[in-house]
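Listed below are the residues making up each chain.
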Amino acid sequence: MTVTSEAKVISTRPHHTLWGDAIVRLRRNKFAMAGLAFIVVLSLAAIFAPLLTHYGFAQQNLYEILQSPSWKHPLGTDQLGRDTFARLLYGARTSLAVGIFTQFIVLFIGLPVGAIAGYAGGKVDNYIMRFVDVMYAFPDILLIILLRSVLGGSIFMLFLAIGLVAWVNIARLVRGQILGLKSRDFVNAARAMGGEGSYITWRHLLPNSLGPVIVSVTFNVPRAIFTEAALSYIGIGVKVPTPSWGAMIQDGFNLIFSKPYMLLFPAIALALLMLSFTFLGDGLRDALDPKQRR
Amino acid sequence: MFRFIVRRILWLLLVLLVVMFITFILMHLVPGGPWDREKALAPKVVEALNKRYGLDQPLWQQFGNYVWGVIRGDLGTSYSWADRNVISILLQGLPKTMTLGILAFLLAQAIGIPLGVAAALKQNSGVDYFSVLFSTVFASIPGFVLGILLMIVFSVMLHWLPTSGWGSPQQLIMPVICLAALPAAQSARITRASTLEVMRQDYVRTARSKGLLENRVRIRHIFRNSLIPVVTIAGPELANLITGSFIIENLFAVPGVGRLFVQGIFARDYSLIMGGVLFYAFTIAILNLVVDIAYAAIDPRIRYD
Amino acid sequence: MKPILEVCNLSTNFHTQDGIVKAVDNVSYNIGRGETVALVGESGCGKTVSALSVLRLVAEPVGKITQGSVFFDGVDLLKLPENEMRKYRGSRISMIFQEPLTSLNPVVTIGSQIAEGLETHKQMSHHEAINEAINLLKLVGIPHPESRVNDYPHQFSGGMRQRVMIAIAIACKPELIIADEPTTAVDVTIQAQLLELIRGISKELNTSLILITHNLGIVARYAHRVFVMYAGRIVESGTSLEVYHHPDHPYTAGLLASVPRLDEPRKLRLEPIKDQPPDLISLPPGCAFEPRCGYAIDQCRKEKPDLIEISRNHFSACWVAQKGHKPWQKKSS
Ligand SMILES: Nc1ncnc2c1ncn2[C@@H]1O[C@H](COP(=O)(O)OP(=O)(O)O)[C@@H](O)[C@H]1O
Ligand SMILES: [Mg+2]
């Protein structure tokens, strides 16, 4: 009796409806949709920046320094006569690139390490987790700064430095997910039917932990964006003249009393972008939360 | 309990050793050395300096010397600060960083916990929506962006507060608010979630079935349980405040540990960098230990042995 | 005898994402002073909710009592303001919950959890209340009560925790105790001990007892009368012996067939009732048991049967029984 009713429950609730339901729920979440819209618009603006402004991000004009917003320079110019709007658009490229490419490194390291720890268990797991504990004892941003100094100045090395520090969260998450799923029946069933170790991991376990990983990555993006901005603000982020919101904030800082908007525009852009990713992450988490499934 | 603490302290020492090792390796991988100046120093001078600071010895020996120094409570001499002892430099910044961190922590809890509790008790009310918005916004806006906005409003537009510096209480206001924003958001969010969770528990229903006054149900049965997760994140929060403050210290020109540390990085001041990293790692580890002990004190189910 | 508790036409709904759950639907029952009645039914049929409704502890705003009255000692509890209602809880009516593992606060000593009701209702000092808690722990059979009074719930076994719950429930010597499946979550070997303890105490204090259970096998031994619930409604009621030996509803007969009976040689096979209880959100228009019933007639599909007295003091909500046929009785006996 119970067997048949179980079977019925499973067949009326096929696995993919989790994603279908999630998308429906996500689309109902106004904040998440607003965040997504801002991210999309900003990404398009960053990609098509040359179509939106005819100024280059490094194009100086010493006759037009420190101008207030006008028709010619919608957001004014900086101390070297560079157009703030253009720098903001090209700076978005930097922020988005850091936010997104860092996650590839994070996933590239975090997923396999977490999966190995969770699946292998025992000694391997123990050593990996000890190492992760040590990583946690390190203040993130300090380690990034040290790595930054070691790895040198290119922007790819910046991705690497941030990624090398941020993967531990994902590894922990995946390990936890796998430990939880490992005890569930369908994995045992697959193993009983003679599935081979790593095959089982990839075929059954990873797809199941995909939801939490996506959520975690979405929350990691603004963190990476913030890190880049903070480093550039201090002066150890991207190299000049690469435009970066953090560097623009630093440039504007000395002129806070005379030209406060030089500081204001990049600060607000940064806040909005981070807020958007947080809204999206919250929305995804709520949409994918199995506890909400009834 | 005692054995737990001893074990944790041993683990802490091991972690600090590994942290020192990693930092040491990374520092020496950094191209350039502490004597790189605009105008290159004469090789003779560099040699003499290296000899004086022991930088001519093999790396493993340098590391050994350093660890031995740390054991004796000596973090070495700064290269950039006219031979001053690293400990004395850090101690000079410490009270400022600690003052900011602790004030921000208290402010964050004073805002976050009541807000989270009020939101949970009146779910879906105006307070609740406000608390959710508050936690989302301040969890995602970086402290230094908030600092800039505050500066523009209160210093530039209103001329109420000084933009930077250290010494007067007014100079504390903005840095403390910027630091407190994130932990306040986290505390509000966690308090709300855990209070909602606890309110659903069977034992709260049991308490009500005894006919207790509503206040007693809330204080003894709901809050005592719902604040446990808040305590567990207090350690990481405080650690973040103390270690993460260097950007805020830079922004508001507060001469705290963080600012010294950043200066050390620019000057490639090995011993100052090492001292800073060690200080931060030590702070994080100690705070986590304290929280674990506090955790056992509030939750009788937790027993360490 | 005037009943101590009289529940009339009580309905309680839950508003969920999927729709309105009619957990308790137009339920009436009563219990006299010193009497023990049983409320029986499969899990999910609304037993707990109907008990919580009496104490007005249904989780709002999701759950709501939509109609009816609950007279306790002549007062309609549903009409009382909250602070008056509070004075009844724990002092005159108390409840023993189903899950001893989750029903005790993990961070408060059991002594304090027993004492706080006494402090609230009997104006005892904390010290007096703790002393009384020690007496109560002794009464419910917990060894070394003087030291255990300072222990926390996780230091007790499941059975011991349920004894603590009993001590909490009887602390203020209430006139009515509702025991909600008090033995479901504990070891089989301890179940009988706990039931005997509850029965002994209620006799001693002359307390009325509502015993909620899904095991119809035990009611004959412990209850004077029994109310059988199905899908939020009462489908049969009568004296325990009557119901036990001559069930007037096929659902009751099904329940009896699914538990070991004391009066029969051990059966080789217990027969569970086929299929699952219905979804309380979309109930069929006719009798809710009809889809699972082997004796259904056309009328069962179309109209809901009312609870009607079939023989003296024996009520049934079944069209077939109301027509005088009881084919299930032949089968079960
Ligand atoms: N808090 C709640 N929210 C929604 N539905 C509930 C809630 N509590 C109970 N129910 C529903 O009410 C019905 C009766 O539950 P209950 O009284 O606990 O049954 P039982 O007879 O097992 O004690 C069930 O279908 C259950 O799903
Ligand atoms: Mg129940």
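> Would you mind showing me how to read the overall build of chain C here?
Each helix and strand counted, chain C has 13 helices and 12 strands in total. For 333 residues, the compact-globule formula gives about 20 Å, and the C-alpha radius of gyration of chain C, at 20 Å, lands near that figure. When the 333 residues of chain C are sorted by exposure, 54% land in the buried category. A separation of at least 24 residues holds for 62% of the contacts in chain C among residues at least 6 apart in sequence. As displayed, chain C offers around 14,600 Å² of accessible surface, 53% of which is attributable to carbon and sulfur atoms.

> Is there a simple way to think about the site of ligand 1 in this case?
Residue and element names in this part refer to chain C. Around ligand 1, the neighbouring residues are Phe14, Thr16, Ala23, Glu42, Ser43, Gly44, Cys45, Gly46, Lys47, Thr48, Val49 and Leu280. At 3.2 Å from an oxygen atom of ligand 1 is found a main-chain nitrogen or oxygen belonging to Cys45. Interatomic distance of 2.5 Å between a side-chain N/O atom of Thr48 and an oxygen atom of ligand 1. Calculation on ligand 1 without its partners gives an accessible area of 560 Å², and the protein chains cover 67% of this total. Secondary-structure elements contributing two or more residues to the shell around ligand 1 are β1 (3–16) and α1 (47–55).

> Would you mind going over the coordination of the magnesium ion (ligand 2) with me for this structure?
Ideal values for angles at a metal depend on the geometry: 109.5 degrees with four tetrahedral donors, 90 or 180 degrees with six octahedral donors. Each protein donor to the magnesium ion (ligand 2) is listed here as Thr48 of chain C (OG1) and Gln98 of chain C (OE1); together their distances run 2.0 to 2.7 Å. Placement of the pair is Thr48 of chain C in helix α1 and Gln98 of chain C in the loop between β6 (93–96) and α3 (110–121), with a sequence separation of 50 residues.

> When you look at the interface of chain B and chain A in this model, what are you seeing that I'm missing?
When the parts of a complex come together, some accessible area is lost, and that lost area is often used as the size of the interface. The interface is formed by 41 residues belonging to chain B together with 40 residues belonging to chain A. Summing the contributions of chain B and of chain A, the shared interface buries around 3,600 Å²; its carbon and sulfur component is 87%. When the buried area of chain B at its contact with chain A is split by residue, Trp11, Leu26 and Phe144 of chain B rank highest and sum to 14% of it. Here chain B is connected to chain A by one salt bridge. Notably, a salt bridge pairs Arg189 of chain B with Asp282 of chain A, separated by 2.8 Å at the nearest N-O pair.

> Which parts of the structure should I look at to understand the confidence of the model for chain C?
Any region with low pLDDT has predicted coordinates that should not be read closely. Here chain C averages 89 in pLDDT, and 95% of its residues register 70 or above. Here the complex is predicted with pTM 0.83, and the ipTM for its interfaces comes to 0.89.

> Honestly, the packing of aromatic side chains in this entry has me stumped. Any pointers?
The description of two aromatic rings rests on the distance between their centres and on the angle between their planes. For the structure shown, the criterion picks out 20 aromatic pairs over all chains. The interplanar angle of 40 degrees and the centroid separation of 6.1 Å between the aromatic rings of Phe101 of chain A and Phe104 of chain A together place this pair among those described as tilted. Within this pair, Phe101 of chain A and its partner Phe104 of chain A are both found in helix α5 (residues 84–120), separated by three residues, close to a single helical turn. Ring geometry for Phe24 of chain B and Phe63 of chain B: centres 5.2 Å apart, planes at 55 degrees, overall tilted. One end of the pair, Phe24 of chain B, is in helix α1 (residues 2–29); the other, Phe63 of chain B, is in helix α3 (residues 59–71), with 39 residues separating them in the sequence. The ring of Trp11 of chain B is capped by Arg130 of chain A, whose NZ or CZ atom sits 5.0 Å from the centre of that ring.

> Help me out: how do you make sense of the interface of chain B and chain C in this one?
Between chain B and chain C, the contact holds 20 residues from the first and 26 residues from the second. Taking both partners together, chain B and chain C bury about 2,200 Å²; carbon and sulfur atoms supply 56% of that area. Joining chain B to chain C, the criterion identifies four salt bridges. Note that Glu119 of chain C and Arg216 of chain B form a salt bridge whose closest N and O atoms lie 2.9 Å from each other. For the pair chain B and chain C, the interface holds 16 residue pairs in polar contact (both at pLDDT 80 or more). Of the residues forming the side of chain B that touches chain C, the biggest block, six residues, is contributed by helix α8 (residues 202–209) of chain B. Residue classes in the side of chain B that touches chain C are distributed as six nonpolar, five polar and nine charged.

Rules of the game
Note on numbering: residues in each chain are counted from 1, in written sequence order. Lettering of chains starts at A and numbering of ligands starts at 1, both following the order in which they are written. This being a predicted model, a pLDDT of at least 70 is required before a residue's local features are given, and a value of 80 or more before pairs of side-chain atoms are given or counted; all residues contribute to the totals for chains, interfaces and linings. Excluded from the side-chain calculations are hydrogens and water; all other atoms, namely the structure's heavy atoms, are used. A helix here means a DSSP run of H or I that spans at least four residues, while a strand means a run of E at least two residues long, and both kinds are numbered starting from the N terminus. All radius of gyration figures rest on C-alpha atoms, and the globule criterion is 2.2 Å times the number of residues raised to 0.38. Note on classification: 1.4 Å probe, protein chains only; a residue is buried when its accessible area is under 20% of the maximum for its type, exposed when over 50%, partly exposed between these limits. Any two residues whose heavy atoms approach within 4.5 Å at even a single point are treated as in contact. Method for areas: the Shrake-Rupley scheme with a 1.4 Å probe, in which residue coverage is limited to the protein chains shown. Nearness is judged by heavy atoms alone; a residue qualifies as near a molecule or strand once a single heavy atom is within 4 Å of it. Between N or O atoms, a polar contact is any pair within 3.5 Å; within protein, one atom must be a potential hydrogen donor and the other a potential acceptor, and residues adjacent in sequence are included only when both atoms are from side chains. Here a donor is an N, O or S atom found within 2.8 Å of the metal, or within 3.2 Å if the metal is Na, K or Ca; sites may look incomplete because water is not among the atoms. Buried area is understood as the total, over both parts, of accessible area removed when two parts are fitted together, assessed with a 1.4 Å probe. By definition here, a salt bridge exists when the distance from a side-chain nitrogen of Lys or Arg to a carboxyl oxygen of Asp or Glu is within 4 Å. On a scale of 0 to 100, pLDDT captures the predictor's confidence in every residue. Only the six-membered ring of Trp is used, alongside the rings of Phe and Tyr, when aromatic pairs are assigned; centres must lie within 6.5 Å, and planes under 30 degrees apart are stacked while those over 60 apart are edge-to-face, with the rest tilted. For a Lys NZ or an Arg CZ to count as sitting over a ring, it must be within 6 Å of the ring centre and within 35 degrees of the ring normal. Basically, the charged four are Asp, Glu, Lys and Arg, the nonpolar ten are Ala, Val, Leu, Ile, Met, Phe, Trp, Tyr, Cys and Pro, and anything else, Gly included, counts as polar.

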